[in-house]
Amino acid sequence: MFSKRIACIGAGYIGGPTMAVIAMKCPEYKINVVDVSEARIKAWQTDDLPIYEPGLLETVKAARGRNLFFSTDIKAAIRESEIIFVSVNTPTKTFGEGAGKAADLQYWEKVAREILQESTESKIVVEKSTLPVKTAQTMENILNANSRGIHFEVVSNPEFLAEGTAIDDLLAPDRVLIGAQETPEGQKACRDIVEIYSHWVPRERILTTNVWSSELSKLVANAFLAQRISSINSISVLCERTDASIAEVARVIGADSRIGHRFLNASVGFGGSCFKKDILNLVYICESYGLYEVAKYWESVLNMNDYQETRFVRAMVRAMFNTIVGKRIALFGFAFKANTGDTRETPALYISRMLLDEQAKLVITDPKALENAKIDLADALDKIELTEDPYQAAAGAHAVAIVTEWDCYRTLDWEKIYQSMEKPAFIFDGRNILDHRRLFEIGFNIYPIGRPAMKHF
Ligand code: NAD
Ligand code: UGA
């Protein structure tokens, strides 16, 4: 009944949404999404999905039970599929050689061995996870070390979606990247993967390269994006000292079509599961080839991000008369960006820990990320209040710090919030999303990113 059977191993932020879109767009393919986590798979089978992503539930519902299936039976999914996407996690290694920098490939290798063990015929294995350049070589070595005459073709197909806009990004990607070996088998596998995406992506947006360019391009794309944020953040501090405005500088430089407007929002720093991990991985790869200057260059993107997070908290302490001991501080937002509940590497966690070290009383509000905040701060829950209601969070607070750029914070009744706070009342806008002039007129002391503070004393 189905013309092709596809498995995806790893039902996380990437595997779930990517396969839901493929299933919706390709009803003639059967897609099995499998994972070791029973809880995750169970959640994918309900309407209470394991991740929050606008439009995801509707997409899943369009195909679930028709040609999209979620299961923990990894072996069966491997056996029945001609194409296997692997989108398991590839975190930074925390032990042994390369600890703190290299990618930890243990989950990937485990999956490769499982594929090898269960397969009785040749298959295409697709690297969906972000992997160090040359991983496909290792995987082919493992997979093709069999005496059963089965051939595995490893294809690289990194994902470029951003959380919060995953479904839109998947439906209308800037590009899809497929890297394959330049052998006849490699090119045949490449055509098979191109065929999947051709169902809805214009052919000129499907880029094909050799495997190594594809693996490396994914790391480099993230490094360039993160570098842009660190660059604008580095200028934000200069703006604060010189009466320039970072928003104006960004508008001016962005008007140059060679630079462009996007990704120039100064902030408390970038978070998310990938920028830091992928740059560390790039740095490690450069070092392992003896390219120390190149490694140092990319490492500085991360150093600038650490600086931006740290200086945000330092500025808070300094502004609030050099002590925040016992002061109630409301963090507005805990997710690493708006429209997601994901808190991996969120600047909010780092900021929370620093504020707790300063012995502040912390109250955290977020529309989607409080469950994850509870897990991230499990060891400090006795010192923290969590509430979905921003008005409750701000009541009695000395300061509000905007950490995530949720739209709902723009339209709050700030007059009411001001009335409910301790005076002098402070706002530290780590995302520059509020109307600073109006808030200043209400009575707040305002500390934006990349603009001098506006204060009443
Ligand atoms: P995730 O942690 O949300 O999901 C990974 C899933 O793999 C988990 O559910 C885990 O249980 C499962 N898993 C691990 N080992 C397994 C095994 N042996 N068998 C079956 N399942 C197993 O991670 P993610 O955010 O989806 O990221 C996955 C990969 O995609 C990473 O390499 C990441 O760099 C890359 N990526 C992520 C994003 C993003 O926005 N999150 C974007 C582009 C690329
Ligand atoms: C990023 C990339 O944008 C995706 O292309 C990539 O696929 C993904 O990483 C990945 O490999 O995981 P994501 O981390 O989901 O996506 O979200 P981004 O929109 O890139 O934001 C990352 C961080 O940078 C967030 O904390 C965000 O608030 C911050 N940011 C972004 C800024 O501080 N300023 C900006 O101008 C843009």
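Residues numbered from 1 in each chain as written. Chains lettered and ligands numbered in written order. Predicted model: local features only at pLDDT ≥ 70, side-chain atom pairs only at ≥ 80, totals over all residues. Heavy atoms only, no water.

Before going further, it helps to examine helix α12 (residues 292-319). In a regular helix each residue adds 1.5 Å, so 28 residues correspond to 40 Å; α12 covers 39 Å between its end C-alpha atoms and thus fits that length. Phenylalanine 321, located one to two residues past α12, shows a positive phi value of around 65°. (Helix = DSSP H or I, 4+ residues; strand = E, 2+ residues; numbered from the N terminus. Expected span 1.5 Å × (residues − 1).)

In the vicinity of ligand 1 lie 25 residues, with Asp35, Arg40, Thr90, Glu163 and Lys277 positioned nearest. A distance of 2.9 Å separates an oxygen atom of ligand 1 from a polar backbone atom of threonine 130. Between ligand 1 and arginine 344, the relevant distance is 3.0 Å, taken from an oxygen atom to a side-chain nitrogen or oxygen of the residue. When ligand 1 sits alone it has 830 Å² of accessible area, and the protein chains cover 92% of it. Residue classes in the shell around ligand 1 are distributed as ten nonpolar, eight polar and seven charged. (Near = heavy atom within 4 Å. Polar contact = N/O pair within 3.5 Å; in protein donor to acceptor, adjacent residues only side chain to side chain. Areas by Shrake-Rupley, 256 points an atom, 1.4 Å probe, with all protein chains shown as cover. Nonpolar A, V, L, I, M, F, W, Y, C, P; charged D, E, K, R; others polar.)

This part covers the state of the cysteines. Here a disulfide denotes one covalent bond, and it connects the sulfur atoms of two cysteines. Applying the stated criterion across every chain yields a total of zero disulfides. Not part of a disulfide, cysteine 190 finds its nearest cysteine sulfur in cysteine 26, a span of 16 Å. (Disulfide = S-S within 2.5 Å.)

The next thing to look at is the site of ligand 2. Residues in contact with ligand 2 amount to 21 residues; listed here are only the nearest, Phe160, Leu161, Ser267, Phe336 and Arg431. Contacts to ligand 2 include asparagine 222, whose side-chain N or O atom sits 2.8 Å from an oxygen atom. Between ligand 2 and lysine 337, the relevant distance is 2.8 Å, taken from an oxygen atom to a side-chain nitrogen or oxygen of the residue. Its free accessible area being 700 Å², ligand 2 has 91% of it covered by the protein chains. Take the shell around ligand 2: its biggest share by element is four residues, from helix α9 (residues 211-242). Of the residues belonging to the shell around ligand 2, the class tally is eleven nonpolar, four polar and six charged.

Moving on, we get to the environment of tyrosine 418. Structurally, tyrosine 418 is set in helix α16 (residues 414-420). Judged by relative accessible area, which is 16%, tyrosine 418 ranks as buried. The spacing of tyrosine 418 and phenylalanine 444 is 26 residues in sequence and 7.1 Å in space, taken between C-alpha atoms. Among all residues touching tyrosine 418, those that are not within four sequence positions of it are Lys423, Ala425, Ile442, Gly443 and Phe444. (Buried < 20%, exposed > 50% of the residue type's maximum accessible area, 1.4 Å probe, protein only. Contact = heavy atoms within 4.5 Å.)

Looking now at the sheet that holds strand β12 (residues 399-402). The strand order across the open sheet formed by six strands is β11-β10-β9-β12-β13-β14, and the pairing between neighbours is parallel. Edge strands, defined here as strands with exactly one partner in the open sheet, are β11 (384-387) and β14 (445-448). Mean inter-strand twist for the sheet, computed between neighbouring axes without regard to direction, equals 20°. Inspection of the sheet shows strand β9 (residues 328-332) paired to strand β10 (residues 361-365) by five bridges, in the parallel sense. When the sheet's bridge partners are listed, phenylalanine 332 is paired in β10 with threonine 365. (Pairing = 2+ DSSP bridges. Axes fitted to C-alpha atoms, helices over the stretch in contact; angles between N-to-C directions.)

Among the structural elements, serine 119 can be located in the loop between α5 (106-118) and β5 (123-127). Overall, the relative accessible area of 1% leaves serine 119 in the buried class. Within the structure, serine 119 has its side chain in polar contact with the backbone oxygen of isoleucine 115 (distance 2.6 Å). Look past the residues within four positions of serine 119 in its chain and what remains in contact with it is Ile78, Arg148, Ile150 and Phe152.

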